[in-house]
Amino acid sequence: MAARDLLAVTGRQCVRWAALPTLLAAAAGLGWLRAFPIRLGNEQAPAAASPALLLPIAVAMTVVVVAALRLWPGFSLRRPGKDLAERLHRGRLGGCGRATLGVLAAQFALTLPLTLLLPWLCGAPTAVRARVELATSTRPLLFADTPTLSFGLPSMELHELQLRPLAMLPRGTFQPTRVGVRVDDRALGTDATFAETRQLQVMPLPGDGARLELAWVEGTLPLVFAPGAVVVLGPPRHGMLGNGAIAALLLLLPTFVAMALATLCGRVAGLPTVLAVAAIALFVQLFGELGPSSPTMLALLRGHWLLAGDVFPAALASLGVGSVAMIAAMLLRPRPRR
Amino acid sequence: MATAISVQQLAVTFGGRRAPVHALHPLDLTLETGRIVGVLGPNGSGKTTLLRVLAGLQHPTGGNATILGEAPDSARNRVRVAFQPEEPLPLGVLSAPEFLAWVGAELGLSNAESDARAARWLDRLELRHAGNRASRTFSTGMQKRLQLAAALLGEPEVLLLDEPTSGLDPFGSEVVMTILRERAAAGACVVMASHHLLEVEEICDEVVVLHGGRLCARGALGELLATDAHALVVRGLGDADLQALAGDAKARGGEIVRIERPRDHLFALFRRFARSPRNPTPGDDGRA
């Protein structure tokens, strides 16, 4: 059946171009993880797989963007067929808006299976659990001179405690710091020991409680329990399918920003320049930690709910940048040409 | 006949104030429906610029133009006016039926109507054999015919064609010219810029001649090409009778410019010896 609308035409062409490279990149990423597995002790470390799994996503993004920019002549100056394209699409974006929607639809179709299947293949949690970051009202430093820190616990079923403090330079001879954990004055089974910064310690919680207390026992490493260093996990709240779908949606934002900047640039530049701008925009967002792609993959692999935490603010910032670029492209009308 | 295109003091200037290039000097023109108008002129004379202004793709720097009573870039004129540019087609990855389906959807035709019209024009312009090949792999002539099919899909009242027959073989040219005659007979105004003077002479009712962006001549072809000479075409006389007839003409005060044996047209020769691969004669492949 013929794709009649520009959105459908662009989407179909992008899928045709990108399907095989994305599949090959996914196979390469998984192969790499199988060949060189990353483990913490005997446990799988799914979040460490993030760079390998970002590879097929990056390939899909790059190929669909390049395919669309080459396909639709409205994206740059002096392209064959631009006159007919302009006559049929007289809107402010000259068809670039619909073509961009086609790109996003194609990428969603390509990345949704990846965000649904790859976490499962990497041993990520099978459900998204309730997750609350605790903060103390006092200075979050734990050492001999401030030997206890108190945190209020949320009113929910408490399953697990995750501690990941920052460690400062040792005061005196190095000795790992041992921390006792109490919930409502009842000590948990064993103490947590920290020998390096950002070291993760996971402890089971008794199910309910109102107050968590961390107490310095011994050691020369001062520990800082900044926001995000003390997290309690509750019962499963969302399925990973929903989280995977949200991840696929959030991963559209770098592509949207790249397409918007390309559309804006294409008002005054030819195809090579437009391709370069889009490629740079994608590269910076994917590998320069600007935008939601890296935090989305990390949160997905750790089993964090994507609509909470710090992923969504990064996504909103990207959405804002892309929208401003698209509006600027609407306002900047193409110059008459000979 | 009603006015299809009206242009008053239309001017287009490119470049800045320091080095302006006047593509069109102030130009007045009125073209009527049901006519085929040829726009002639050397390269850089402003033919394409005039067509792009009429298609709503180029904003004039002076004067104004109306097509069918509205601005060239009005929403209604997007469908009522068709433009066939000289440049290649967009979306070259699509096959001919896919491309026409896209054009039909953009013109607001229903799927059924679009498919029916596309099938008709694909047949008429002999593009059926292209099947599902991407249009970017088409020959120049096939691309031209597909462009014309796209232009005709909306059944426009004004057709603006930039070099519609360049790159076409004689059979393709003949098909295109027949279609253009039919459209004009149906009341459409056809404006074609062309360097093929013989075709323009054969098909156009009137011509507009541009040079350096200025209107040099304009009028009905018969008036522009008329001379004070007359020709007498005779068939069936022998040489002696012909000399006697010439002597009689001289005796009456006439001047014999030349006596020649008329030749057939080159196209007739082409048709006699070449066969279109798109229209194999029955029996050519030994089966029919």
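This structure is a prediction, so every number in the text was calculated from the model and none was measured.

Rules behind the numbers
Residues numbered from 1 in each chain as written. Chains lettered and ligands numbered in written order. Predicted model: local features only at pLDDT ≥ 70, side-chain atom pairs only at ≥ 80, totals over all residues. Pairing = 2+ DSSP bridges. Helix = DSSP H or I, 4+ residues; strand = E, 2+ residues; numbered from the N terminus. Axes fitted to C-alpha atoms, helices over the stretch in contact; angles between N-to-C directions. Parallel < 35°, antiparallel > 145°, perpendicular 65-115°, else oblique. Left-handed = near helix turned anticlockwise from the far one by under 90°. Contact = placed C-beta atoms within 7 Å. Nonpolar A, V, L, I, M, F, W, Y, C, P; charged D, E, K, R; others polar. Buried ≥ 20, exposed ≤ 12 C-beta atoms within 10 Å, placed from the backbone. pLDDT = per-residue confidence, 0-100. Core = buried A, V, L, I, M, F, W, Y, C linked by C-beta atoms within 7 Å. Domains from an automatic or database assignment.

(A) Layout of the sheet that holds strand 13 (residues 223–224) of chain A. All names here are of chain A. In space, the three strands of this open sheet follow the order 4-13-7, with antiparallel pairing throughout. If you trace the sheet from one side to the other, it starts and ends with strand 4 (141–142) and strand 7 (166–167), each paired once. As paired elements, strand 4 and strand 13 share two bridges and run antiparallel to each other. Looking at strand 13, one finds that Leu142 is bridged to Leu223.

(B) Structural view of the packing of helix 2 (residues 50–71) of chain A against helix 8 (residues 293–302) of chain A. Residues and elements named next belong to chain A. One way to put it is that helix 2 packs onto helix 8 with a least axis distance of 10 Å and a crossing angle of 120°. Judged by the angle between their axes, helix 2 and helix 8 are oblique. The handedness of the crossing between helix 2 and helix 8 is right-handed. Each of Ser50, Leu53 and Leu54 in helix 2 lies in contact with helix 8, whose residues at this interface are Ser293, Met297, Leu298 and Leu301.

(C) Quick peek at the interface of chain B and chain A. The partner chain A presents 18 residues to the 27 residues of chain B that form the contact. Counting residues per element, the side of chain B that touches chain A draws most heavily on helix 3 (residues 96–106) of chain B, at seven residues. Residue classes in the side of chain B that touches chain A are distributed as 17 nonpolar, five polar and five charged.

(D) How the structure looks around the environment of Ala231 of chain B. Residues and elements named next belong to chain B. Mapped onto the elements of the fold, Ala231 is located in the loop between helix 8 (221–225) and helix 9 (239–251). Of the residues examined, Ala231 has 5 C-beta atoms within 10 Å and is grouped as exposed. Considered as a pair, Ala231 and Val257 are 26 residues apart in the sequence and their alpha carbons are 9.9 Å apart.

(E) Representation of unusual backbone geometry in the model. If you check the backbone angles, Arg78 of chain A has positive phi at about 55° while not being a glycine. Relative to the helices and strands, Arg78 of chain A is located in the loop between helix 2 and helix 3 (82–88). Of note in this structure, Gln9 of chain B is not a glycine but carries a positive phi near 50°. Here Gln9 of chain B is to be found in strand 1 (residues 3–14). The class of Gln9 of chain B is partly exposed, set by 13 C-beta atoms lying within 10 Å.

(F) Spatial organisation of the confidence of the model for chain A. Residues of chain A with pLDDT of at least 70 account for 95%, and the chain-wide mean is 87. No element of chain A has a lower mean pLDDT than strand 2 (residues 43–44) of chain A, at 62, and none a higher one than helix 6 (residues 252–266) of chain A, at 95.

(G) Quick peek at the pairing of strand 1 of chain B. Residue and element names in this part refer to chain B. Pairing geometry for strand 1 and strand 2 (residues 21–32), over eight bridges, is antiparallel. Counterpart to Phe14 in the pairing with strand 2 is Val21. Following strand 1, the chain reverses through six residues before pairing antiparallel with strand 2; Gly15 in that reversal takes a positive phi of roughly 80°.

(H) Examining the nonpolar core more closely. Val64 of chain A together with Leu160, Val190 and Val191 of chain B are the most contacted members of the largest nonpolar core, which has 144 residues in total. The greatest single-element share of this core, amounting to 15 residues, is contributed by helix 2 of chain A. Formed by 20 residues, the second largest nonpolar core is a distinct cluster that contains Leu212, Trp216, Ala229 and Val230 of chain A.

(I) Examining the sheet that holds strand 4 (residues 62–67) of chain B more closely. Residue and element names in this part refer to chain B. Pairing in this open sheet of three strands is antiparallel, and the strands run 2-1-4 from one edge to the other. Both edges of this open sheet fall to strand 2 and strand 4, since each of them pairs with a single strand only. Mean inter-strand twist for the sheet, computed between neighbouring axes without regard to direction, equals 15°. Helix 1 (residues 47–54) contacts strand 1, strand 2 and strand 4 of the sheet and is inclined by roughly 120° relative to strand 1.

(J) Focus on the domain arrangement of chain A. Domain boundaries assigned for chain A yield domain 1 (6–127 + 240–331) and domain 2 (135–227). Put simply, the middle of domain 1 of chain A and the middle of domain 2 of chain A, counted by C-alpha atoms, are 39 Å apart.

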